[in-house]
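# Architecture and fold: a report
Spelled out from the first residue to the last, the chains are:
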Amino acid sequence: MWYNLYIMEIINKDNNIVLKNVSDFELSHIFDCGQCFRFSKTGENTYTGVSFGKALTISKNGDDIVLHGTSSEDFENIWYNYLDLSRDYSKIKNRLSGDGCMDNAIKEGYGIRILNQDLFEVIISFIISQSNNIPRIKKIIETLCKTAGEKINYEGKTYYSFPSPEAILECDISLLHAGYRDKYITGAAKLVKDSPDFLDELKAASSKTAKKMLLSIYGIGNKVADCIMLFGLGRTDSFPVDVWMQRIMEQLYFKKKCTKSEISEYAAKKFGDLGGIAQQYLFYYALNHKNELNQEIGNGK
DNA sequence: CACCAGGCAAGCC
DNA sequence: GGCTTGCATGGT
C-alpha cells in the first residue's frame, strides 16, 4: 500500500474497512472536542457524520477502528487523510508532556486527532461558531446542509453534503436562524464563488499570508481565522484562543486574569509548531471541567 | 428577568 | 494601538 502507517493492518471485509491496533485514537475525543460539527454519536463507541460529500459511520472495537460501508478507494482518498492517520501522536504527546496541566489534559483527551477537514466547510462553520454554543452551531450547520446540500444515501438513510458556495447563495439563509451571522456567511460564499482560486491560494500561502487573507474576510476575526488555519489548512502552529481557552489558561498557567494576546504569545513560545494540538487537548479538558473552571478568573472578555 | 455561547465590526480615544 | 458597544438567536 502507498500509505505509511504507524498503526496497523488494514482489512477490507464485508464492505467495511477495519484498521487493526490503532493507537492514540478515541472517537469521543476526536468528535467532541469542538473541531468538527457534523459527526454525532449514533451508538456505543460509534459516530456518524458527513465530510467531503460522503457519509460515514465509524466505530471502535477494542483497538480496532471500523469504517462501515466504505470502499478502500474512499478510505485512501478521503478518510485516511481526514482522520489524520499519518501523524504519530505518541511522539507529539511526548514532546508536549512535562507540565502537570498538559499531562492531565493529555490523559483525558489521549485519543484526540486533528481532522483534516474541507476548507470551505471550516470557513463557514467557524463563522457560524462565533458567540455561539456548540449544540446550536451543530444545529445551524445541519439546517444549512439540509437546506442547501445534496442528498447522500448511505446505509439506508439520507444524509446531506455540506453545500457549495453557489447553493448557499441560492438558499433562503433566514431558515438557518443564524442571526447577524447571515451576512458573514453569504459574504464568504460570494467571495469563494467569485474568486475560484481563493481556496487554493490559501492552501499554498505561508501561514502569515493565509492569516492575513482570512482576516480580510468580513466576519472573520483573529480567533475564527486561527480555527480555520488549524482545522482547514492543517497549520498546527495555530493556537485559537476563545473564552474557554482563556479561562483554562488563566487558571492553569497564569493564575490570574490576562488578555487573549498575552495567552497567544505565551502559547506560541511554549508549544511552537504543536500549538494547535496542545490547544485541542486543553480545550477538550476545559469542556469536561466547565463547572470547576473558576468563571471569576476569566469572564469572557 | 438576566446572562451566556469556540467573536466580530464599528466607533471611540 | 487598546477599549467599549451592539449584535440574532436560543438555552438556562
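Residues numbered from 1 in each chain as written. Chains lettered and ligands numbered in written order. Predicted model: local features only at pLDDT ≥ 70, side-chain atom pairs only at ≥ 80, totals over all residues.

## Examining helix α2 (residues 72–82)
Under the convention used in this document: Residues with at least 20 neighbouring C-beta atoms inside 10 Å of their own are called buried, those with 12 or fewer are called exposed, and the rest are partly exposed, where every C-beta is derived from the backbone. A helix here means a DSSP run of H or I that spans at least four residues, while a strand means a run of E at least two residues long, and both kinds are numbered starting from the N terminus. Picture the helix axis, draw a direction to every C-beta atom, and the arc is the one those directions span. Throughout, a residue-residue contact means that the two C-beta atoms, derived from backbone geometry, are no farther apart than 7 Å.
Taken residue by residue, α2 has F75, W79, Y80 and Y82 as its buried positions. One side of α2 carries all its buried residues, which in axial view fall inside an arc of 145 degrees. Where the residues of α2 are buried, they touch β2 (16–19), β4 (46–51), β5 (54–61) and β6 (64–68). In the stretch just after α2, D84 is the one whose phi turns positive, near 60 degrees.

## Some thoughts on the pairing of strand β8 (residues 157–160)
In plain terms, the rule: At least two DSSP bridges between two strands are required for those strands to pair.
In this structure, strand β7 (residues 151–154) lies alongside β8, joined through 4 bridges in antiparallel fashion. Within the sheet, the bridge partner assigned to Y154 lies in β8 and is K157. The hairpin formed by β7 and β8 contains 2 residues between the paired strands, and E155 there has a positive phi angle of roughly 50 degrees.

## Thoughts on the pairing of β5
A regular strand places its side chains on the two faces of the sheet in alternate fashion. When β4 meets β5, the two strands line up antiparallel, connected through 6 bridges. Counterpart to Y47 in the pairing with β5 is I58. Bridge count for β5 against β6 is 5 bridges, and the pairing is antiparallel. By the bridge assignment for β6, I58 is matched with L67. In this structure, the hairpin formed by β5 and β6 is closed by a connection of 2 residues, where G62 is found at a positive phi of approximately 65 degrees.

## Brief notes about the domain arrangement of chain A
Here is the rule: Boundary definitions for the domains trace back to an automatic or database domain assignment.
One can read the domain layout of chain A as domain 1 (10–86) and domain 2 (119–232). Spacing between the C-alpha centres of domain 1 and domain 2 amounts to 23 Å. On the side of domain 2, 12 residues touch domain 1, which itself brings 11 residues to the contact. Element by element, the count of residues in the side of domain 1 that touches domain 2 is highest for β5, at 3 residues.

## Brief notes about the environment of K157
Checked against the element boundaries, K157 lands in strand β8. Residue class for K157 comes out exposed when judged on the 10 C-beta atoms lying within 10 Å of it.

## Some remarks on the protein's contact with DNA strand B
Rules: For each residue, a C-beta atom is placed from the backbone, and the residue counts as near a molecule or strand when that atom lies within 6 Å of it. All amino acids are sorted into three groups, where Ala, Val, Leu, Ile, Met, Phe, Trp, Tyr, Cys and Pro are nonpolar, Asp, Glu, Lys and Arg are charged, and the leftover types, Gly among them, are polar.
Neighbouring residues of DNA strand B: 26 residues in total, closest G34, Q130, N133, G221 and V224. Only α11 (222–232), α12 (243–254) and α14 (275–288) provide two or more residues apiece to the surface near DNA strand B. Per-element accounting of the surface near DNA strand B gives the leading share, 4 residues, to α11. When grouped by side-chain class, the residues that make up the surface near DNA strand B number 11 nonpolar, 13 polar and 2 charged.

## Some words on α11
Two residues of an α-helix separated by three or four positions point the same way, owing to the 3.6 residues in each turn. The buried fraction of α11 is high, at 9 of 11 residues. Buried residues along α11 sit in contact with α5 (119–129), α10 (207–215) and α14. Looking one or two places after α11, you find G234, whose phi comes out positive at around 65 degrees.

## Focus on the protein's contact with DNA strand C
Neighbouring DNA strand C are the residues S131, R136, H177, G179, Y180, T259 and S261. Tallied by class, the residues present in the surface near DNA strand C amount to 1 nonpolar, 5 polar and 1 charged.

## Quick word on the nonpolar core
Note the following rule: Here, a nonpolar core means buried Ala, Val, Leu, Ile, Met, Phe, Trp, Tyr and Cys residues linked by C-beta atoms lying within 7 Å of one another.
Core analysis: the largest hydrophobic core is formed by 81 residues, its most contacted members being I127, I185, I228, M245, Y281 and L282. Here this core gets 8 residues from one element, more than from any other, and that element is α14. For this core, the domains that each give at least three residues are domain 1 (10–86) and domain 2 (119–232). Excluding anything up to four places from it in sequence, Y281 contacts M102, A105, I106, G109 and I112.

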